[in-house]
Amino acid sequence: MEAITLLQLIFDTLLGFTLLWLAWQALSSPDLFRAIVLFIAFGLLMALTWVRLNAPDIALAEAAIGAGLTGALLLSALARLKAKNSATIMTEQVKNKPLFWLLLTMLSLAVTSGLAFSVLTLQENSPGLSIWVLENIETSGVSNPVTAVLLNYRGYDTLLEMSVLLVALLGIWSLGGVPKRHDSFPGQILNILIPLLVPLLIMVAGYLLWAGAHAPGGAFQAGSLLGAAGILFLLVGWQFGTQFMGLPLRIMITFGLALFIAVGVALMLFGNQFLEYPSSLAGSLIFLIEAAATLSIGITLAALFLGGRPGLRRHK
Amino acid sequence: MTLLIDILTSLLLIAGAVFFLGGTIGLFRFPDVYTRLHALTKADNVGLGLMMAGLSLQADSLATVGKLLLIWLLVLLASASVAHLIAKTARQRGIEPWKQ
């Protein structure tokens, strides 16, 4: 047993230092492509770290959104930057170097010592709020404590998170139309691979959504898989009919949030608080909200990748 | 019986790790993008297969074995396709394969 604990300690230490090193490399690399690849590697190792911390829900979200989708978004942003100015993209040089480094060092030191202080002053084996979470799990309608917190006890936070995602998309849409892509020739491999992968992604998304009630999973993880399927379609240059790009797209994107709010308000009509589910209905309501959220999150993430408002003509 | 299975698992996992190590050394030591891709994807696919076989021996149910198998097949599909895409892009950019 001793040997295994020691091995785990070595592994965790290695993981921690590799994370720090990757983060530093990603931030300090003057080559943006390299920085993005390092950032994706950082996200994958971060997911592994969450697994080591017994938080598989966050690990799934980190791998799918932090490493996968953010990586795809960053790469497509880089492609747009490169298309704009053909010169190699280099990060801007700072003028006043010594002062900049001094400030940076002091700021990092302050944050690090603050973090170290709060970690060291933590009570060992502090249960936090988990006692209350587990005591009330019967009434929450689900048996996975993470889903219970996200969709029931702290449903408000999740509601606001979803609106943040919507606002992010509105921000991108306000910047203009979809950039004209160079005609890409995806080639045979992608054309074979994608019809194989997309149904599988949709199935796994459904599984994660369903499993979220009793095991790690849930709307954000499932939604990010749908988003990945959408991005694959966009990558091979599949066009969605313009008739779907107007109102239908907007309805799909806001559907999750709208249903969430509608459920909350409807419960108020029956004398409950906003989003206070009666425990007999809680399971079904949570599943309904999560299903709608999955769809909306997936389409929103794919729309983020599109990088502009579809259907808008770009003025030169 | 359990001891036998444990020993077999250990052997499979160690063999898998050796292949991963080989792939990584290949990635660092091989001269160009094509040979590196070859080392990385081939060795890692075998390494992962051996590891999945080793872990399957410890699984509680057939469903878990099925999931492990599915993970391996998906990685095979993904790594073969991605290796092809990277190699194709490298060809299109005019990177010549290494010749001694």
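Residues numbered from 1 in each chain as written. Chains lettered and ligands numbered in written order. Predicted model: local features only at pLDDT ≥ 70, side-chain atom pairs only at ≥ 80, totals over all residues. Heavy atoms only, no water.

**Focus on the overall build of chain A**
Put simply, the test is: Numbered from the N terminus, helices here are DSSP runs of H or I no shorter than four residues, and strands are runs of E no shorter than two. Positive: Lys, Arg. Negative: Asp, Glu. His and the chain ends are not part of the count. A single reference atom marks each charge: NZ on Lys, CZ on Arg, CG on Asp, CD on Glu.
Within chain A, the regular secondary structure consists of twelve helices and zero strands. Along chain A, helices and strands appear, N-terminal first, in the series α-α-α-α-α-α-α-α-α-α-α-α. In terms of overall dimensions, chain A has a C-alpha envelope of 60 × 55 × 40 Å along the principal axes. Charge-centre separation for chain A: the mean point of 15 positive side chains lies 26 Å from the mean point of 14 negative side chains.

**Some points on the overall build of chain B**
Formally: As defined in this context, the radius of gyration uses C-alpha atoms, and a globule is described by 2.2 Å times the residue total to the power 0.38. Residue burial is assigned from relative accessible area. The probe radius is 1.4 Å, only protein chains are included, and a residue is buried under 20% of its type maximum, exposed over 50%, and partly exposed in between. Contacts between residues were defined by any pair of non-hydrogen atoms, one from each residue, lying within 4.5 Å. Areas reported here follow the Shrake-Rupley algorithm with a probe of radius 1.4 Å; residue values treat only the protein chains shown as occluding.
Looking only at helices and strands, one finds three helices and zero strands in chain B. From first element to last, N terminus to C terminus, chain B shows the α and β order α-α-α. Over its C-alpha atoms chain B spans a radius of gyration of 17 Å, topping by over 25% the 13 Å that the globule rule assigns to 100 residues. In terms of overall dimensions, chain B has C-alpha extents of about 55 × 25 × 15 Å along its principal axes. Expressed as a percentage of its 100 residues, the buried residues of chain B come to 23%. Long-range contacts, defined as pairs at least 24 residues apart, comprise 71% of the intrachain contacts of chain B with a sequence gap of at least 6. Within the structure as shown, chain B displays about 6,800 Å² of accessible surface, and the carbon and sulfur contribution to it stands at 73%. When the 8 positive and 5 negative side-chain charges of chain B are each reduced to one mean point, those points stand 14 Å apart.

**Some points on the confidence of the model for chain A**
For the record, the criterion: What pLDDT conveys is the predictor's confidence in a given residue, as a value from 0 to 100.
Confidence along chain A averages 84 in pLDDT terms, with 91% of residues attaining 70 or more. Mean pLDDT values over the elements of chain A span from 78, in helix 6 (residues 137–140) of chain A, up to 94, in helix 2 (residues 32–52) of chain A.

**Observations regarding a nonpolar patch on the surface**
Definition in use: Residues form patches when they are more than 30% accessible in relative terms and have no salt bridge. Like charges link within 9 Å. Nonpolar side chains (Val, Leu, Ile, Met, Phe, Trp, Tyr) link within 5 Å. Criterion for a salt bridge: a side-chain nitrogen of Lys or Arg within 4 Å of a carboxyl oxygen of Asp or Glu.
Taken together, the side chains of Ile192 and Leu196 of chain A together with Leu70, Leu74 and Leu77 of chain B make up a nonpolar region of the molecular surface, amounting to roughly 410 Å² of accessible area. Of all elements in the fold, only helix 9 (187–211) of chain A together with helix 3 (62–92) of chain B reach the threshold of two or more residues within the nonpolar patch. Element by element, the count of residues in the nonpolar patch is highest for helix 3 of chain B, at three residues.

**Side note on the domain arrangement of chain A**
Residue and element names in this part refer to chain A. The criterion, for reference: An automatic or database domain assignment supplies the start and end points of every domain. Two parts placed together each lose some accessible area under a 1.4 Å probe, and adding up what both lose gives the buried area.
With domains assigned, chain A is organised as domain 1 (1–126) and domain 2 (130–316). Computed over C-alpha atoms only, the centres of domain 1 and domain 2 are separated by 26 Å. Of the residues lining the interface, twelve residues belong to domain 1; the matching set on domain 2 comes to 18 residues. Across the domain 1 to domain 2 interface the summed buried area is about 1,200 Å²; carbon plus sulfur atoms make up 71%. Taken as a group, Asp57, Leu69 and Arg80 account for 46% of the area that domain 1 buries against domain 2, more than any other trio of residues on that side.

**A word on the interface of chain A and chain B**
Threshold: What qualifies as a polar contact is a pair of N or O atoms within 3.5 Å, subject to a donor-acceptor requirement within protein and to the restriction that residues adjacent in sequence count only when both atoms come from side chains. As a working rule, the residues Ala, Val, Leu, Ile, Met, Phe, Trp, Tyr, Cys and Pro are called nonpolar, Asp, Glu, Lys and Arg charged, and the rest polar, with Gly in that last group.
Tallying the contact residues gives ten residues for chain A and seven residues for chain B. Here chain A packs against chain B, burying approximately 610 Å² in sum over the two surfaces, 81% of which is carbon and sulfur. Per-residue buried area on chain A facing chain B is highest for Ile189, Leu193 and Leu200 of chain A; these three make up 56% of the total on that side. There are zero residue pairs in polar contact (both at pLDDT 80 or more) connecting chain A and chain B. Split by residue class, the side of chain A that touches chain B holds nine nonpolar, one polar and no charged.

**Topic: the packing of helix 10 (residues 219–235) of chain A against helix 12 (residues 282–306) of chain A**
All names here are of chain A. The cut-off we apply is this: Fitted lines through C-alpha atoms serve as axes, helices being fitted only where they are in contact, and the angles separating the N-to-C directions of these axes extend from 0 to 180 degrees. Take the far helix as the reference: if the near one is turned anticlockwise from it by less than a right angle, the crossing is left-handed, and if turned clockwise, right-handed.
Following both chains from N to C, one finds helix 10 and helix 12 inclined at 35°, their axes separated by 7 Å at the closest point. Both helix 10 and helix 12 take part in a crossing whose hand is right-handed. In this structure, helix 10 contributes Ala219, Phe220, Ala222, Gly223, Ser224, Leu226, Gly227, Gly230, Ile231, Leu234 and Leu235 to the contact, and helix 12 contributes Glu290, Ala293, Thr294, Leu295, Ile297, Gly298, Leu301, Ala302, Phe305 and Leu306. Within the contact of helix 10 with helix 12, the residues separate by chemical class into 14 nonpolar, six polar and one charged.

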